[in-house]
Amino acid sequence: KYDETLSPPAWQPFERQAEAPLREHADLLNLTHDAMFVRDMESAIKYWNRGAEEMYGWTAEEALGQSARELLKTVPSVPLEQIEAQVRPTGRWEGELVHHRRDGTPVVVASRLALQRDAQGEPVAILATNTDITERRQAEEARQDIEEQWRAAFEANPTMYFIIDAAGAILSVNPVGAEQLGWRVGQLIGQPVLDVFHEADRAFVQGNADQAFRQPGRVMRWKARKIRKDG
């Protein structure tokens, strides 16, 4: 507030002094690579940082006043109503969302929402901080696909497959392998793998296993006798 009877040179410095912290905060938010924007409780965008411009493709001038949901075509991991229901009482929410860039390409973000209240405690705005995790999510999905394909091949393969740890304990065995030896899969997990080999071959097997662990990635081939549950 200022006295309107004062001449402009007398009150303008106070106005500039009040605006300075706001500019400093905006400058700091523009330094982050995260996309940050503020929207009101009706989803209208009130602030849009440089990170948001770079991630989504709209300038601040183009984004301000737009509905964040409609502009970004938000696809939530849970219903938006559920997110709003959590933000209002707790003041925050974290989770994954799918947004869309200006060119229509999707971007997966780790989103953090923080609620702002007025002096009376009423919610007035939400600060959204979004980190692009698209490449990480794609890598995880590719890894899961590979694991599922490998698991399917492992389970259905007619060859006997055992996976053991460095101590020689059985970590996994495919159903065919367990069945051929007269066991169920669950009965073999955790047991010493040497127990399924003919006693006379166990020292030989142990030596080859030790050599395999000393040379990761090397394919080794050798012959040994296994023994069925019935002997």
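Below or above, wherever it landed, is the structure these notes cover. Every value quoted in this text rests on a predicted model; they were computed, and no experiment measured them.

Right, let's talk about the overall build of the protein chain for a bit. Across its full length, the protein chain carries nine helices and eight strands. Put simply, of all contacts in the protein chain between residues at least 6 apart along the chain, 37% involve residues at least 24 apart. Here the protein chain displays about 15,200 Å² of accessible surface, and carbon together with sulfur accounts for 53% of that area.

In this section: the layout of surface pockets. Taken as a whole, the largest pocket holds about 660 Å³ of empty space. As for the largest pocket, its lining consists of 17 residues, of which Phe162, Ile163, Ile164, Met220 and Trp222 are closest to the centre. Elements with a minimum of two residues in the lining of the largest pocket: strand S7 (162-164) and helix H9 (202-214). A class-by-class count of the residues in the lining of the largest pocket yields 13 nonpolar, one polar and three charged.

For the rest of this paragraph, the subject is the sheet that holds strand S6 (residues 123-132). The pairing of strands in a sheet comes from backbone hydrogen bonds and takes either a parallel or an antiparallel form. A sheet is described by the order of its strands in space; here six strands give the open sequence S2-S1-S6-S5-S4-S3, paired in antiparallel fashion. Lying at the two open borders of the sheet, with one neighbouring strand each, are strand S2 (45-48) and strand S3 (75-76). In terms of strand pairing, strand S1 (residues 35-40) meets S2 through three bridges, oriented antiparallel. Bridging across to S2, arginine 39 finds its partner in isoleucine 45. Set on the sheet, helix H5 (residues 80-90) makes contact with S1, S3, strand S4 (92-100), strand S5 (106-117) and S6; between it and S4 the angle comes to about 145 degrees.

On to the side chain of threonine 129, then. Relative to the helices and strands, threonine 129 resides in strand S6. For threonine 129, the residues in contact, after removing those within four places along its chain, are Asp34, Ala35, Met36, Ala110, Ser111 and Arg112.

Next up on the list: H9. For the α-helix, the turn length of 3.6 residues means that residues three or four positions removed from each other point alike. The terminal C-alpha atoms of H9 lie 18 Å apart, and with 13 residues this matches the ideal 18 Å at 1.5 Å per residue to within 8%. Every buried residue of H9 is accounted for by Val205, Asn208 and Ala209. Mapping the buried residues of H9 onto a view down its axis gives an arc of 100 degrees, with all of them on the same face. Counted as exposed and oriented over 90 degrees from the buried face of H9: Ala203 and Arg214.

Taken as a whole, this structure holds eleven salt bridges when the rule is applied. Across the salt bridge formed by glutamate 84 and arginine 69, the nearest N and O atoms sit 3.1 Å from each other. Of the two residues, glutamate 84 is situated in helix H5 and arginine 69 in helix H4 (residues 68-72); the sequence distance between them amounts to 15 residues. In this structure, glutamate 140 engages arginine 137 in a salt bridge whose closest nitrogen and oxygen atoms are separated by 2.0 Å. Here the residue glutamate 140 and the residue arginine 137 both occupy positions in helix H6 (residues 134-156), the gap between them amounting to three residues, near one helical turn. With a relative accessible area of 25%, glutamate 140 lands in the partly exposed category. Each member of the salt-bridge network shares a partner with another, and the members are Arg39, Arg69 and Glu84.

A few words on the nonpolar core. Ranked by internal contacts, the top residues of the largest apolar core, which has 24 residues, are Trp48, Tyr56, Val87 and Leu113. The dominant element in this core, judged by the number of residues it contributes, is S5, at four residues. Apart from the residues within four sequence positions on either side, tryptophan 48 is in contact with Met36, Phe37, Glu53, Tyr56, Trp58, Thr59, Ala60, Ala63, Leu64, Leu71 and Leu72.

Procedures and definitions
- Residues numbered from 1 in each chain as written.
- Predicted model: local features only at pLDDT ≥ 70, side-chain atom pairs only at ≥ 80, totals over all residues.
- Heavy atoms only, no water.
- Helix = DSSP H or I, 4+ residues; strand = E, 2+ residues; numbered from the N terminus.
- Contact = heavy atoms within 4.5 Å.
- Areas by Shrake-Rupley, 256 points an atom, 1.4 Å probe, with all protein chains shown as cover.
- 1 Å grid on protein atoms, 1.4 Å probe; cavity = no way out; pocket = protein on both sides within 12 Å on 5 of 7 lines; lining within 4 Å.
- Points joined across faces, edges and corners; volume = space filled by probe spheres on them.
- Nonpolar A, V, L, I, M, F, W, Y, C, P; charged D, E, K, R; others polar.
- Pairing = 2+ DSSP bridges.
- Axes fitted to C-alpha atoms, helices over the stretch in contact; angles between N-to-C directions.
- Expected span 1.5 Å × (residues − 1).
- Buried < 20%, exposed > 50% of the residue type's maximum accessible area, 1.4 Å probe, protein only.
- Arc of directions from axis to C-beta.
- Salt bridge = Lys/Arg side-chain N within 4 Å of Asp/Glu carboxyl O.
- Core = buried A, V, L, I, M, F, W, Y, C linked by side-chain atoms within 4.5 Å.

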